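# Residue-level structure breakdown
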Amino acid sequence: PSTSTPEPQARDTSGKYDPSLIAPGTPLRIKGLGSRADLNGRHATALEWDAQAERLAVIVRSLGFGEEARVKLRPSNFVLEWATPDQPDPLTGGPCPCCHETQMHTPVGSQQNAGLQFCCGKAVCHGCLIKVSLGPRLQRDRCPLCGEDTSDTSDTNLIRQLKRHAHPGGAPTCLYNLAAYYDHGHHGLRRDCTEARRLYELAAKQGHRRAAHCLGCSHRDGEGGPVSLAEAAHWFRVSAELGHVPAQCNLGLAYQRGQGVQVDAEEAFKWLSMAARAGDELARRALGVSGR
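In this report, we go over the structure that sits alongside the text. None of these values were measured; they are calculated from a predicted model. (Residues numbered from 1 in each chain as written. Predicted model: local features only at pLDDT ≥ 70, side-chain atom pairs only at ≥ 80, totals over all residues. Heavy atoms only, no water.)

## With respect to helix 4 (residues 172-184)
A rise of 1.5 Å per residue sets the reference length of helix 4, with its 13 residues, at 18 Å; its end C-alpha atoms lie 18 Å apart and thus fit the reference within 8%. Most of helix 4 is tucked away, with 12 of its 13 residues classed as buried. Where helix 4 is concerned, the buried positions are Pro172, Thr173, Cys174, Leu175, Tyr176, Asn177, Leu178, Ala179, Ala180, Tyr181, Tyr182 and Asp183. Looking at the buried residues of helix 4, the elements they touch are strand 6 (114-116), helix 3 (155-163), helix 5 (193-204) and helix 6 (209-221). Looking one or two residues past helix 4, Gly185 carries a phi angle of roughly 70 degrees, positive in sign. (Helix = DSSP H or I, 4+ residues; strand = E, 2+ residues; numbered from the N terminus. Expected span 1.5 Å × (residues − 1). Buried < 20%, exposed > 50% of the residue type's maximum accessible area, 1.4 Å probe, protein only. Contact = heavy atoms within 4.5 Å.)

## Some details on the pattern of salt bridges
Overall, the coordinates contain 10 salt bridges when judged by the stated rule. Linking Asp50 and Lys72 is a salt bridge whose minimum nitrogen-to-oxygen distance equals 2.6 Å. With a gap of 22 residues between them, Asp50 in strand 2 (residues 43-50) and Lys72 in strand 4 (residues 68-73) connect regions that are remote in the sequence. In this structure, Arg164 engages Glu148 in a salt bridge whose closest nitrogen and oxygen atoms are separated by 3.7 Å. Pair noted here: Arg164 is in the loop between helix 3 and helix 4 and Glu148 is in the loop between helix 2 (137-140) and helix 3, with a separation of 16 residues, a long-range link. Residue class for Arg164 comes out partly exposed when judged on its relative accessible area of 39%. Of the residues examined, Glu148 reaches a relative accessible area of 21% and is grouped as partly exposed. Residues joined in a network through salt bridges with shared partners are Asp183, Arg191 and Glu223. (Salt bridge = Lys/Arg side-chain N within 4 Å of Asp/Glu carboxyl O.)

Below is the structure:
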């Protein structure tokens, strides 16, 4: 589901949306691609507008370890998103369990320095992963944490590993990733928003704040089940109280608009201010609209 309520930020002097005015560095989400359907749903960053081709050049990061893609998109193949801060994940942060030195940051972004092991759902810093990849074959084909054979990097095996956790009590990071793959139809899975909602909930109940936020968005937008603004507000609160900035923004918007909760200007201001101070662009705009 969409994690915020994006609106175009590139407008000419008359207020009309003009994709040629999109500034480099603007965050966006890819949609509706045919030949590169694997990129649909992924976050990207604008590079520059190609006037001759009438396409926007973008960079898509973290397709895999050390990988990225540069593509040119028609305006119909992306939606702009509000900038939100790159946060550490408390479930996968802390010192690397291998070197015990690097403070890990797993969320995709400029600060990412660690990757998740899909076999066990735990994180290892990039430095240690590189050392493992350069070591003896027996060592580099095993997870440095659980010892699982990692030589098969196919989508089929990736999904098989993640599905081992698709039950109550499964590793929350694996549940969240599998939910996201169902949500967007990645890695050979057919898009299944119902299964995505189920898996988001399993992860959210274990304190995975991004899963809780996505679950709130799913209930708000009616993806994978009926619309329930009350459930959406509940899961936005769960995620917001765990420190997830986009959820703090969406919870503030819920109080501002009376969506699933009673209109409460003070609560709206509290959560929107919290998100705005952390750098959330939509929250800053909402505070301006509210006049506070």
